[in-house]
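In case you want the letters, here they are:
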Amino acid sequence: MNPDDVPADLPAYVYDLRGLKEHVASVRAALGPTELFYAAKANPDAEILRTVAPHVDGVEVSSGGELTHVRETLPHTPLAFGGPGKTDDELALARHHADRIHIESPRELTRLAALGPADVLLRANLPFRTPGAALSMSGPFGMDEDALDECARRLPGTPLALRGVHAHLASGLDAPAMLDLAAQIVEWALPFLEKHGVDDPEINVGGGMAVDYASPTTRFDWETYGRGLPGNTRLRVEPGRALTAYHGRYVTDVLDVKTTRGETYVVLRGGTHHLRTPVTKGHDHPFEVLTSKQAPTSRATLVGQLCTPKDVFASNVPVPPLSPGDIVAFSMAGAYAWNISHHDFLMHPKPTFHCLR
Ligand SMILES: *Cc1c(COP(=O)(O)O)cnc(C)c1O
(Lines give C-alpha, C1' and ligand atoms only; values in the text may rest on other atoms or scores of the structure.)
Protein backbone atom coordinates (compact mmCIF):
# COMPACT_ATOMS: atom_id res chain seq x y z
CA MET A 1 0.00 0.00 0.00
CA ASN A 2 1.21 3.48 -0.89
CA PRO A 3 1.79 5.51 2.33
CA ASP A 4 0.18 8.50 0.54
CA ASP A 5 -3.10 6.59 0.55
CA VAL A 6 -3.23 6.34 4.35
CA PRO A 7 -6.23 8.33 5.62
CA ALA A 8 -5.84 10.78 8.50
CA ASP A 9 -8.68 9.27 10.49
CA LEU A 10 -7.57 5.84 11.71
CA PRO A 11 -8.56 3.08 12.05
CA ALA A 12 -9.77 3.00 8.48
CA TYR A 13 -10.93 0.51 5.92
CA VAL A 14 -9.43 1.31 2.53
CA TYR A 15 -11.00 -0.41 -0.48
CA ASP A 16 -8.97 -0.60 -3.70
CA LEU A 17 -11.81 -0.33 -6.22
CA ARG A 18 -9.51 -0.12 -9.23
CA GLY A 19 -7.76 -3.37 -8.31
CA LEU A 20 -11.11 -5.00 -7.53
CA LYS A 21 -12.52 -4.03 -10.91
CA GLU A 22 -9.51 -5.50 -12.73
CA HIS A 23 -9.62 -8.69 -10.67
CA VAL A 24 -13.33 -9.35 -11.19
CA ALA A 25 -13.04 -8.55 -14.90
CA SER A 26 -10.22 -11.12 -15.21
CA VAL A 27 -12.26 -13.74 -13.34
CA ARG A 28 -15.20 -13.00 -15.64
CA ALA A 29 -12.99 -13.48 -18.71
CA ALA A 30 -11.47 -16.73 -17.38
CA LEU A 31 -14.89 -18.28 -16.79
CA GLY A 32 -15.99 -18.14 -20.43
CA PRO A 33 -19.64 -19.20 -20.77
CA THR A 34 -20.06 -19.98 -17.04
CA GLU A 35 -22.22 -17.40 -15.26
CA LEU A 36 -20.62 -15.49 -12.39
CA PHE A 37 -22.69 -14.35 -9.41
CA TYR A 38 -21.12 -12.47 -6.47
CA ALA A 39 -22.06 -13.73 -2.99
CA ALA A 40 -22.97 -10.47 -1.24
CA LYS A 41 -22.39 -11.80 2.24
CA ALA A 42 -18.62 -11.62 1.68
CA ASN A 43 -18.86 -7.81 1.56
CA PRO A 44 -22.11 -5.98 0.82
CA ASP A 45 -20.58 -2.48 0.94
CA ALA A 46 -22.38 -0.36 -1.68
CA GLU A 47 -19.13 0.81 -3.33
CA ILE A 48 -17.95 -2.80 -3.58
CA LEU A 49 -21.29 -3.87 -5.07
CA ARG A 50 -21.25 -1.09 -7.65
CA THR A 51 -17.67 -1.96 -8.64
CA VAL A 52 -18.37 -5.68 -9.00
CA ALA A 53 -21.77 -5.38 -10.71
CA PRO A 54 -20.69 -4.53 -14.29
CA HIS A 55 -18.53 -7.68 -14.40
CA VAL A 56 -20.92 -10.26 -12.96
CA ASP A 57 -24.12 -11.87 -14.20
CA GLY A 58 -25.84 -11.42 -10.86
CA VAL A 59 -25.58 -11.27 -7.09
CA GLU A 60 -26.45 -14.00 -4.59
CA VAL A 61 -28.16 -12.77 -1.41
CA SER A 62 -28.96 -14.73 1.72
CA SER A 63 -31.43 -12.66 3.74
CA GLY A 64 -34.24 -10.17 3.32
CA GLY A 65 -31.82 -7.49 4.54
CA GLU A 66 -29.25 -8.30 1.86
CA LEU A 67 -31.98 -8.58 -0.75
CA THR A 68 -33.38 -5.13 0.05
CA HIS A 69 -29.94 -3.52 0.26
CA VAL A 70 -28.58 -5.05 -2.95
CA ARG A 71 -31.78 -4.30 -4.87
CA GLU A 72 -31.64 -0.64 -3.76
CA THR A 73 -27.94 -0.40 -4.64
CA LEU A 74 -28.18 -2.29 -7.95
CA PRO A 75 -31.72 -1.86 -9.30
CA HIS A 76 -31.16 -3.93 -12.47
CA THR A 77 -28.77 -6.72 -11.49
CA PRO A 78 -30.24 -10.26 -11.46
CA LEU A 79 -30.46 -11.68 -7.94
CA ALA A 80 -30.49 -15.21 -6.56
CA PHE A 81 -31.94 -15.63 -3.08
CA GLY A 82 -30.81 -18.49 -0.83
CA GLY A 83 -30.24 -19.39 2.77
CA PRO A 84 -31.79 -21.69 5.34
CA GLY A 85 -34.72 -20.50 7.45
CA LYS A 86 -36.46 -18.06 5.12
CA THR A 87 -39.48 -16.24 6.63
CA ASP A 88 -42.74 -15.71 4.71
CA ASP A 89 -41.87 -12.02 4.40
CA GLU A 90 -38.50 -12.92 2.88
CA LEU A 91 -40.07 -15.37 0.44
CA ALA A 92 -42.61 -12.73 -0.63
CA LEU A 93 -39.83 -10.16 -1.08
CA ALA A 94 -37.75 -12.68 -3.05
CA ARG A 95 -40.66 -13.41 -5.42
CA HIS A 96 -40.69 -9.75 -6.39
CA HIS A 97 -36.99 -9.00 -6.56
CA ALA A 98 -35.05 -12.24 -7.13
CA ASP A 99 -34.74 -14.05 -10.45
CA ARG A 100 -34.02 -17.35 -8.74
CA ILE A 101 -34.99 -18.68 -5.31
CA HIS A 102 -32.93 -21.54 -3.87
CA ILE A 103 -35.23 -23.96 -2.04
CA GLU A 104 -33.88 -25.55 1.14
CA SER A 105 -36.64 -27.99 2.17
CA PRO A 106 -39.91 -29.56 0.96
CA ARG A 107 -41.80 -27.45 3.51
CA GLU A 108 -40.20 -24.27 2.19
CA LEU A 109 -41.22 -25.29 -1.34
CA THR A 110 -44.84 -25.62 -0.25
CA ARG A 111 -44.76 -22.27 1.59
CA LEU A 112 -43.32 -20.51 -1.47
CA ALA A 113 -45.81 -22.21 -3.81
CA ALA A 114 -48.66 -20.82 -1.70
CA LEU A 115 -47.48 -17.28 -2.52
CA GLY A 116 -47.59 -17.73 -6.31
CA PRO A 117 -45.26 -18.28 -9.29
CA ALA A 118 -41.47 -18.19 -8.90
CA ASP A 119 -38.40 -19.68 -10.60
CA VAL A 120 -36.58 -22.04 -8.27
CA LEU A 121 -33.44 -24.11 -7.94
CA LEU A 122 -33.40 -26.98 -5.45
CA ARG A 123 -30.46 -26.77 -3.09
CA ALA A 124 -28.74 -30.13 -2.93
CA ASN A 125 -26.72 -31.47 -0.01
CA LEU A 126 -24.76 -34.23 -1.71
CA PRO A 127 -22.43 -36.76 -0.07
CA PHE A 128 -19.35 -35.94 -2.14
CA ARG A 129 -15.92 -36.10 -0.61
CA THR A 130 -14.24 -32.69 -0.41
CA PRO A 131 -10.74 -33.40 0.93
CA GLY A 132 -8.90 -30.25 2.00
CA ALA A 133 -12.00 -28.08 2.45
CA ALA A 134 -11.83 -25.32 5.11
CA LEU A 135 -15.58 -25.61 5.66
CA SER A 136 -17.89 -28.36 4.56
CA MET A 137 -21.40 -27.02 4.01
CA SER A 138 -23.32 -30.14 4.94
CA GLY A 139 -25.47 -30.13 8.09
CA PRO A 140 -28.65 -28.06 7.70
CA PHE A 141 -27.87 -26.72 4.22
CA GLY A 142 -29.85 -28.05 1.27
CA MET A 143 -31.54 -31.40 0.90
CA ASP A 144 -30.48 -35.02 0.59
CA GLU A 145 -31.67 -37.18 -2.30
CA ASP A 146 -34.91 -38.19 -0.54
CA ALA A 147 -35.95 -34.59 0.17
CA LEU A 148 -34.97 -33.54 -3.36
CA ASP A 149 -37.20 -36.28 -4.81
CA GLU A 150 -39.98 -35.18 -2.46
CA CYS A 151 -39.69 -31.61 -3.82
CA ALA A 152 -39.67 -32.84 -7.41
CA ARG A 153 -42.86 -34.84 -6.74
CA ARG A 154 -44.62 -31.84 -5.17
CA LEU A 155 -43.64 -29.36 -7.90
CA PRO A 156 -46.02 -30.28 -10.75
CA GLY A 157 -49.13 -29.16 -8.86
CA THR A 158 -47.62 -25.77 -7.95
CA PRO A 159 -47.11 -22.46 -9.80
CA LEU A 160 -43.34 -22.85 -9.31
CA ALA A 161 -40.97 -23.44 -12.24
CA LEU A 162 -38.05 -25.78 -11.53
CA ARG A 163 -35.01 -24.34 -13.33
CA GLY A 164 -32.22 -26.42 -11.87
CA VAL A 165 -30.05 -27.34 -8.92
CA HIS A 166 -27.91 -25.34 -6.53
CA ALA A 167 -25.03 -26.91 -4.59
CA HIS A 168 -22.57 -24.96 -2.43
CA LEU A 169 -20.79 -27.85 -0.74
CA ALA A 170 -17.42 -26.69 0.53
CA SER A 171 -15.09 -23.74 0.81
CA GLY A 172 -11.33 -23.27 0.74
CA LEU A 173 -10.69 -25.61 -2.20
CA ASP A 174 -8.13 -24.99 -4.95
CA ALA A 175 -9.04 -25.13 -8.65
CA PRO A 176 -8.42 -28.87 -9.27
CA ALA A 177 -10.46 -29.83 -6.17
CA MET A 178 -13.23 -27.37 -7.15
CA LEU A 179 -13.33 -28.84 -10.66
CA ASP A 180 -13.60 -32.33 -9.24
CA LEU A 181 -16.49 -31.19 -7.06
CA ALA A 182 -18.25 -29.39 -9.94
CA ALA A 183 -17.95 -32.50 -12.14
CA GLN A 184 -19.52 -34.64 -9.40
CA ILE A 185 -22.38 -32.15 -8.97
CA VAL A 186 -23.09 -31.97 -12.71
CA GLU A 187 -22.91 -35.73 -13.12
CA TRP A 188 -25.55 -36.12 -10.42
CA ALA A 189 -27.71 -33.11 -11.36
CA LEU A 190 -28.21 -33.64 -15.11
CA PRO A 191 -29.98 -37.02 -14.85
CA PHE A 192 -32.00 -35.74 -11.85
CA LEU A 193 -33.20 -32.69 -13.80
CA GLU A 194 -33.85 -34.68 -16.95
CA LYS A 195 -35.95 -37.16 -14.97
CA HIS A 196 -38.07 -34.24 -13.78
CA GLY A 197 -38.51 -32.75 -17.23
CA VAL A 198 -36.41 -29.59 -16.82
CA ASP A 199 -35.49 -28.02 -20.17
CA ASP A 200 -32.29 -25.98 -20.42
CA PRO A 201 -31.24 -26.94 -16.88
CA GLU A 202 -29.16 -24.58 -14.73
CA ILE A 203 -26.61 -25.84 -12.27
CA ASN A 204 -25.19 -23.49 -9.67
CA VAL A 205 -22.04 -25.10 -8.23
CA GLY A 206 -21.62 -22.49 -5.48
CA GLY A 207 -18.65 -20.50 -4.22
CA GLY A 208 -15.88 -21.35 -1.78
CA MET A 209 -12.86 -20.79 -4.03
CA ALA A 210 -9.73 -20.86 -1.86
CA VAL A 211 -8.15 -17.75 -0.38
CA ASP A 212 -4.82 -18.42 1.35
CA TYR A 213 -4.18 -15.88 4.11
CA ALA A 214 -0.76 -17.37 4.75
CA SER A 215 0.23 -16.55 1.18
CA PRO A 216 -1.31 -13.24 0.08
CA THR A 217 0.15 -13.39 -3.43
CA THR A 218 -1.26 -16.86 -4.19
CA ARG A 219 -4.52 -16.69 -6.12
CA PHE A 220 -7.19 -19.24 -6.98
CA ASP A 221 -6.37 -20.43 -10.51
CA TRP A 222 -9.41 -19.06 -12.37
CA GLU A 223 -7.90 -19.86 -15.78
CA THR A 224 -7.58 -23.58 -15.01
CA TYR A 225 -10.98 -23.58 -13.35
CA GLY A 226 -12.72 -21.85 -16.25
CA ARG A 227 -11.10 -24.15 -18.81
CA GLY A 228 -11.96 -27.30 -16.85
CA LEU A 229 -15.64 -26.70 -16.07
CA PRO A 230 -18.09 -28.98 -17.89
CA GLY A 231 -19.37 -27.30 -21.05
CA ASN A 232 -22.47 -29.43 -21.54
CA THR A 233 -24.87 -27.37 -19.43
CA ARG A 234 -25.72 -23.88 -18.18
CA LEU A 235 -23.38 -23.47 -15.21
CA ARG A 236 -23.20 -20.76 -12.57
CA VAL A 237 -20.69 -20.06 -9.79
CA GLU A 238 -21.15 -17.70 -6.84
CA PRO A 239 -17.85 -16.87 -5.13
CA GLY A 240 -17.60 -14.20 -2.45
CA ARG A 241 -14.28 -14.28 -0.60
CA ALA A 242 -12.08 -14.98 -3.65
CA LEU A 243 -13.54 -11.93 -5.44
CA THR A 244 -13.22 -9.23 -2.78
CA ALA A 245 -10.77 -10.42 -0.05
CA TYR A 246 -7.68 -8.97 -1.73
CA HIS A 247 -9.02 -5.47 -2.25
CA GLY A 248 -9.62 -4.22 1.26
CA ARG A 249 -7.18 -3.08 3.94
CA TYR A 250 -7.70 -2.29 7.59
CA VAL A 251 -5.22 0.46 8.42
CA THR A 252 -4.41 1.60 11.93
CA ASP A 253 -1.64 2.91 14.16
CA VAL A 254 0.35 1.67 17.12
CA LEU A 255 -0.78 2.94 20.54
CA ASP A 256 1.69 1.08 22.73
CA VAL A 257 4.45 -1.50 22.66
CA LYS A 258 5.32 -3.49 25.75
CA THR A 259 7.01 -6.66 26.86
CA THR A 260 5.23 -8.76 29.46
CA ARG A 261 6.86 -11.93 30.81
CA GLY A 262 9.11 -12.12 27.80
CA GLU A 263 6.43 -11.64 25.16
CA THR A 264 6.21 -8.38 23.20
CA TYR A 265 2.78 -6.93 22.47
CA VAL A 266 2.05 -4.24 19.90
CA VAL A 267 -1.24 -2.60 20.93
CA LEU A 268 -3.08 -1.12 17.94
CA ARG A 269 -5.90 1.41 17.75
CA GLY A 270 -9.11 -0.54 17.00
CA GLY A 271 -9.20 -4.30 17.20
CA THR A 272 -10.88 -7.47 16.08
CA HIS A 273 -14.30 -5.85 16.67
CA HIS A 274 -13.43 -4.09 13.38
CA LEU A 275 -11.55 -6.97 11.73
CA ARG A 276 -12.81 -10.27 13.10
CA THR A 277 -11.34 -12.33 10.26
CA PRO A 278 -8.21 -13.62 12.09
CA VAL A 279 -10.31 -14.73 15.08
CA THR A 280 -12.90 -16.58 13.00
CA LYS A 281 -10.33 -18.18 10.70
CA GLY A 282 -7.78 -18.81 13.46
CA HIS A 283 -4.88 -17.35 11.50
CA ASP A 284 -2.22 -14.64 11.80
CA HIS A 285 -3.59 -11.88 9.63
CA PRO A 286 -1.17 -10.65 6.93
CA PHE A 287 0.01 -7.05 7.37
CA GLU A 288 2.66 -4.56 6.39
CA VAL A 289 4.19 -1.74 8.40
CA LEU A 290 3.87 1.40 6.28
CA THR A 291 6.11 3.62 8.37
CA SER A 292 9.17 1.38 8.40
CA LYS A 293 11.32 -0.01 5.63
CA GLN A 294 13.37 -2.07 8.07
CA ALA A 295 13.38 -5.85 7.91
CA PRO A 296 11.91 -7.70 10.91
CA THR A 297 14.28 -7.78 13.88
CA SER A 298 12.13 -9.50 16.51
CA ARG A 299 8.78 -11.15 17.10
CA ALA A 300 5.62 -9.67 18.62
CA THR A 301 1.92 -10.27 19.05
CA LEU A 302 -0.36 -7.68 17.42
CA VAL A 303 -3.44 -6.96 19.54
CA GLY A 304 -6.25 -4.41 19.63
CA GLN A 305 -7.96 -2.36 22.32
CA LEU A 306 -10.51 -4.93 23.50
CA CYS A 307 -10.42 -6.26 27.05
CA THR A 308 -10.25 -9.89 26.00
CA PRO A 309 -7.28 -12.16 25.30
CA LYS A 310 -9.00 -13.10 22.03
CA ASP A 311 -8.38 -9.66 20.53
CA VAL A 312 -5.37 -10.87 18.54
CA PHE A 313 -4.61 -10.02 14.90
CA ALA A 314 -1.38 -12.00 14.67
CA SER A 315 0.52 -13.99 17.25
CA ASN A 316 4.29 -14.00 17.75
CA VAL A 317 5.04 -12.85 14.20
CA PRO A 318 8.21 -11.18 12.83
CA VAL A 319 8.11 -7.37 13.10
CA PRO A 320 10.48 -4.46 12.48
CA PRO A 321 11.14 -2.13 15.44
CA LEU A 322 7.79 -0.48 16.25
CA SER A 323 6.75 2.45 18.39
CA PRO A 324 3.58 4.49 18.97
CA GLY A 325 2.44 6.25 15.79
CA ASP A 326 3.73 3.60 13.41
CA ILE A 327 1.13 2.63 10.85
CA VAL A 328 0.12 -0.96 10.21
CA ALA A 329 -2.03 -2.05 7.25
CA PHE A 330 -3.71 -5.45 7.40
CA SER A 331 -4.22 -6.70 3.86
CA MET A 332 -6.81 -9.24 2.67
CA ALA A 333 -9.53 -7.40 4.58
CA GLY A 334 -12.01 -7.01 1.73
CA ALA A 335 -14.20 -10.03 2.57
CA TYR A 336 -15.74 -11.36 5.78
CA ALA A 337 -13.98 -8.52 7.60
CA TRP A 338 -15.93 -5.44 8.78
CA ASN A 339 -19.36 -6.96 8.11
CA ILE A 340 -18.76 -10.06 10.26
CA SER A 341 -17.24 -8.11 13.16
CA HIS A 342 -18.83 -7.41 16.57
CA HIS A 343 -18.71 -3.62 16.17
CA ASP A 344 -20.41 -2.59 19.37
CA PHE A 345 -18.41 -4.62 21.84
CA LEU A 346 -16.75 -2.12 24.25
CA MET A 347 -18.22 0.90 22.43
CA HIS A 348 -15.02 2.04 20.76
CA PRO A 349 -15.38 4.41 17.76
CA LYS A 350 -16.16 2.85 14.40
CA PRO A 351 -13.49 2.83 11.67
CA THR A 352 -13.73 5.22 8.75
CA PHE A 353 -14.19 3.98 5.17
CA HIS A 354 -12.26 5.14 2.09
CA CYS A 355 -12.08 4.06 -1.53
CA LEU A 356 -9.18 4.23 -3.94
CA ARG A 357 -10.57 4.67 -7.44
C1 LIG B 1 -21.22 -18.02 1.61
C2 LIG B 1 -21.79 -18.60 0.38
C3 LIG B 1 -21.15 -18.39 -0.84
C4 LIG B 1 -19.82 -17.69 -0.98
O5 LIG B 1 -18.80 -18.43 -0.38
P6 LIG B 1 -17.28 -17.89 -0.49
O7 LIG B 1 -16.52 -18.85 0.37
O8 LIG B 1 -17.27 -16.51 0.04
O9 LIG B 1 -16.89 -17.96 -1.92
C10 LIG B 1 -21.77 -18.87 -1.98
N11 LIG B 1 -22.95 -19.52 -1.91
C12 LIG B 1 -23.58 -19.76 -0.73
C13 LIG B 1 -24.86 -20.47 -0.73
C14 LIG B 1 -23.02 -19.30 0.44
O15 LIG B 1 -23.64 -19.54 1.60
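Residues numbered from 1 in each chain as written. Predicted model: local features only at pLDDT ≥ 70, side-chain atom pairs only at ≥ 80, totals over all residues. Heavy atoms only, no water.

Trainee: Any chance you could break down helix α6 (residues 145-154) for me, citing the residues and the numbers?
Mentor: Of all the positions in α6, only A147, L148, C151 and A152 are classed as buried. Along the long axis of α6, the arc covered by the buried residues comes to 140°, so they all point the same way. Structural note: α6 exposes D146 and R153 on the side pointing more than 90 degrees away from its buried face. Residues of α6 that are buried make contact with β5 (100-103), α5 (106-113), β6 (118-123) and α7 (175-195). (Buried < 20%, exposed > 50% of the residue type's maximum accessible area, 1.4 Å probe, protein only. Helix = DSSP H or I, 4+ residues; strand = E, 2+ residues; numbered from the N terminus. Arc of directions from axis to C-beta. Contact = heavy atoms within 4.5 Å.)

Trainee: Please set out the nonpolar core residue by residue, giving values where relevant.
Mentor: If you look at the biggest cluster of nonpolar residues, it comprises 98 residues, and the most contacted ones within it are I103, L122, W222, Y225 and L302. When we break this core down by domain, the ones giving at least three residues each are domain 1 (3-11 + 246-356) and domain 2 (78-239). Residues in contact with Y225, not counting those within four places in the same chain, are L31, A175, M178, L179, V205, M209, F220 and V237. Counting 9 residues, the second-largest nonpolar core is a separate cluster that includes M1, L10, A12 and L290. (Core = buried A, V, L, I, M, F, W, Y, C linked by side-chain atoms within 4.5 Å. Domains from an automatic or database assignment.)

Trainee: Any chance you could break down the site of the ligand for me, citing the residues and the numbers?
Mentor: Near the ligand lie 13 residues; those nearest to it are K41, G208, E238, R241 and Y336. Here an oxygen atom of the ligand sits 2.9 Å away from a polar atom, N or O, in the main chain of G240. Between an oxygen atom of the ligand and a side-chain N or O atom of Y336, the distance comes to 2.5 Å. Taking 390 Å² as the accessible area of the ligand by itself, protein coverage stands at 92%. Along the lines of polarity and charge, the residues of the shell around the ligand split into 3 nonpolar, 6 polar and 4 charged. (Near = heavy atom within 4 Å. Polar contact = N/O pair within 3.5 Å; in protein donor to acceptor, adjacent residues only side chain to side chain. Areas by Shrake-Rupley, 256 points an atom, 1.4 Å probe, with all protein chains shown as cover. Nonpolar A, V, L, I, M, F, W, Y, C, P; charged D, E, K, R; others polar.)

Trainee: Account for the side chain of N125, naming residues and giving values.
Mentor: Along the chain, N125 turns up in the loop between β6 and β7 (135-136). In this structure the side chain of N125 is engaged in a polar contact, spanning 2.8 Å, whose partner is the backbone oxygen of F141. With residues up to four places along the chain from it excluded, the contact list for N125 reads S138, G139, F141, G142, M143, D144 and L169.

Trainee: Kindly report on the pairing of strand β13 (residues 263-268), identifying the contributing residues and their values.
Mentor: Pairing between strand β12 (residues 248-260) and β13: 6 bridges, direction antiparallel. Bridge pairing in β13 places T260 opposite E263. In sequence, β12 turns back onto β13 through a hairpin of 2 residues, with R261 there showing a positive phi of about 45°. Pairing geometry for β13 and strand β15 (residues 298-303), over 3 bridges, is parallel. By the bridge assignment, V266 is partnered in β15 with L302. (Pairing = 2+ DSSP bridges.)

Trainee: How would you sum up the pattern of salt bridges? Please name residues and give values.
Mentor: Taken as a whole and assessed by the stated rule, the structure comprises 18 salt bridges. The residue D57 makes a salt bridge to R28 at a minimum N-O spacing of 2.6 Å. A residue pair is termed long-range when its members are at least 10 positions apart, and D57 in the loop between α2 (46-52) and β3 (58-61) and R28 in helix α1 (residues 17-30) qualify at 29 residues. Overall, D57 belongs to the partly exposed group, its relative accessible area being 30%. (Salt bridge = Lys/Arg side-chain N within 4 Å of Asp/Glu carboxyl O.)

Trainee: Report on the domain arrangement of the protein chain, specifying residues and quantitative values.
Mentor: Along its sequence, the protein chain is organised into domain 1 (3-11 + 246-356) and domain 2 (78-239). Buried surface at the junction of domain 1 and domain 2, both sides included, amounts to about 670 Å², of which 68% is carbon and sulfur. When the area that domain 1 buries against domain 2 is broken down by residue, the three leading residues are Y246, K281 and M332, summing to 70%. Summed over the shared surface of domain 1 and domain 2, the result is 0 salt bridges. (Buried area = accessible area lost by both parts, 1.4 Å probe.)

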